[in-house]
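Given next are the chains, with one letter for each unit.
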Amino acid sequence: VVHAGEVHRISAGTGARHTEKNQSIDPARYYQIWVFPNEPDLIPSHEQRDFAQVSRQDRLMTVASGRNDPGAVMLHADASISLSTFSPTFALDYPTTSDRCALLYVTSGSISLNGILLQQGDQGRVTGEARGLSLVSATGGSFVLVDVSG
């Protein structure tokens, strides 16, 4: 069972069975993000952590990572998944290199990615950007940021 604010990682590896079902009468919203592992035929595994009480206000909160980020669920890949909620007028520069790919998905409000305004439900993809990412919110907004090797 995965509750609001939790992150669940499944590595199917050589094969796994699982089901996904909302057992509540209330609607559920979750994000299923697939990241290719660094090596094939991993032993199936899973990990789950609760981030509900951790603040992501005006900072990137890394929830899954292959870079040994403390507190994040482990990914078997050179990748990270972060969440954030920006206050109005908050800005953050995210360093990246030309061998990285980034996906930003706006979950509420609006966020500008390198000067391009994205609204709730929009996504921006950036590849080969050596100068980093500029993330700005004029009115406040929340997002998921996925960073993978290119």
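Quick caveat, the model's predicted, so the values are computed rather than measured.

**Q** Any chance you could break down the pattern of salt bridges for me, citing the residues and the numbers?
**A** Under the definition given, this model contains seven salt bridges. In this structure, aspartate 147 and arginine 67 form a salt bridge, with 3.5 Å as the shortest nitrogen-oxygen distance. Taken together, the residues span a long stretch of sequence, with aspartate 147 in strand β11 (residues 141-149) and arginine 67 in the loop between β3 (61-65) and β4 (73-74) at a distance of 80 residues. Classification of aspartate 147 by relative accessible area gives buried; the value is 3%.

**Q** Explain the packing of aromatic side chains to me, using residue names and the numbers behind them.
**A** If you walk through the whole model with that rule in mind, you get three aromatic pairs. Where tyrosine 31 meets tyrosine 105, the ring centres are 5.7 Å apart and the plane angle is 65°; that geometry is what we call edge-to-face. Of this pair, tyrosine 31 sits in the loop between β1 (6-11) and β2 (45-50) while tyrosine 105 sits in strand β7 (residues 100-113), placing them 74 residues apart in sequence. Ring centres 5.1 Å apart and planes at 85° place the aromatic pair phenylalanine 86 and phenylalanine 143 in the edge-to-face group. Note that phenylalanine 86 is positioned in strand β5 (residues 79-86) and phenylalanine 143 in strand β11, a separation of 57 residues in sequence.

**Q** Run through the nonpolar core, naming residues and quoting values.
**A** Nonpolar side chains in soluble globular proteins generally cluster together in the buried interior. Leu104, Leu113, Leu133, Leu135, Phe143 and Leu145 are the most contacted members of the largest nonpolar core, which has 14 residues in total. Counting residues per element, the ones that place at least two in this core are β7, β10 (133-136) and β11. Of all the elements, β7 adds the most residues to this core, at five residues. Non-local contacts of leucine 133, meaning those with residues more than four positions away in its chain, are made with Leu92, Asp93, Tyr94, Thr96, Ala102, Leu113, Asn114, Val126 and Leu145. If you look at the next biggest cluster of nonpolar residues, it comprises 13 residues, including Val63, Ala64, Val73 and Ala79.

**Q** Tell me about the environment of proline 40, and please be specific about residues and values.
**A** Relative to the assigned elements, proline 40 resides in the loop between β1 and β2. Relative accessible area serves as the criterion here: at 65%, proline 40 is assigned to the exposed category. Distance from proline 40 to glycine 13, taken between C-alpha atoms, is 6.8 Å for residues 27 residues apart in sequence.

**Q** I'd like a description of unusual backbone geometry, backed by residues and values.
**A** Of note in this structure, threonine 89 is not a glycine but carries a positive phi near 70°. Following the sequence through the fold, threonine 89 ends up in the loop between β5 and β6 (91-94). In the Ramachandran plot, asparagine 114 falls in the positive-phi region, its phi being about 50° despite a non-glycine side chain. For asparagine 114, the position within the fold is in the loop between β7 and β8 (116-119). Accessibility expressed as a relative area gives 21% for asparagine 114, which makes it partly exposed.

**Q** For the environment of leucine 133, give the residues involved together with the corresponding values.
**A** Counting through the fold element by element, leucine 133 comes out in strand β10. Owing to a relative accessible area of 2%, leucine 133 belongs among the buried residues under this scheme. Remark: the alpha-carbon pair of leucine 133 and leucine 92, spanning 41 residues in sequence, is separated by 8.3 Å.

Thresholds applied
Residues numbered from 1 in each chain as written. Predicted model: local features only at pLDDT ≥ 70, side-chain atom pairs only at ≥ 80, totals over all residues. Heavy atoms only, no water. Salt bridge = Lys/Arg side-chain N within 4 Å of Asp/Glu carboxyl O. Helix = DSSP H or I, 4+ residues; strand = E, 2+ residues; numbered from the N terminus. Buried < 20%, exposed > 50% of the residue type's maximum accessible area, 1.4 Å probe, protein only. Phe/Tyr/Trp six-rings, centres within 6.5 Å; stacked < 30°, edge-to-face > 60°. Core = buried A, V, L, I, M, F, W, Y, C linked by side-chain atoms within 4.5 Å. Contact = heavy atoms within 4.5 Å.

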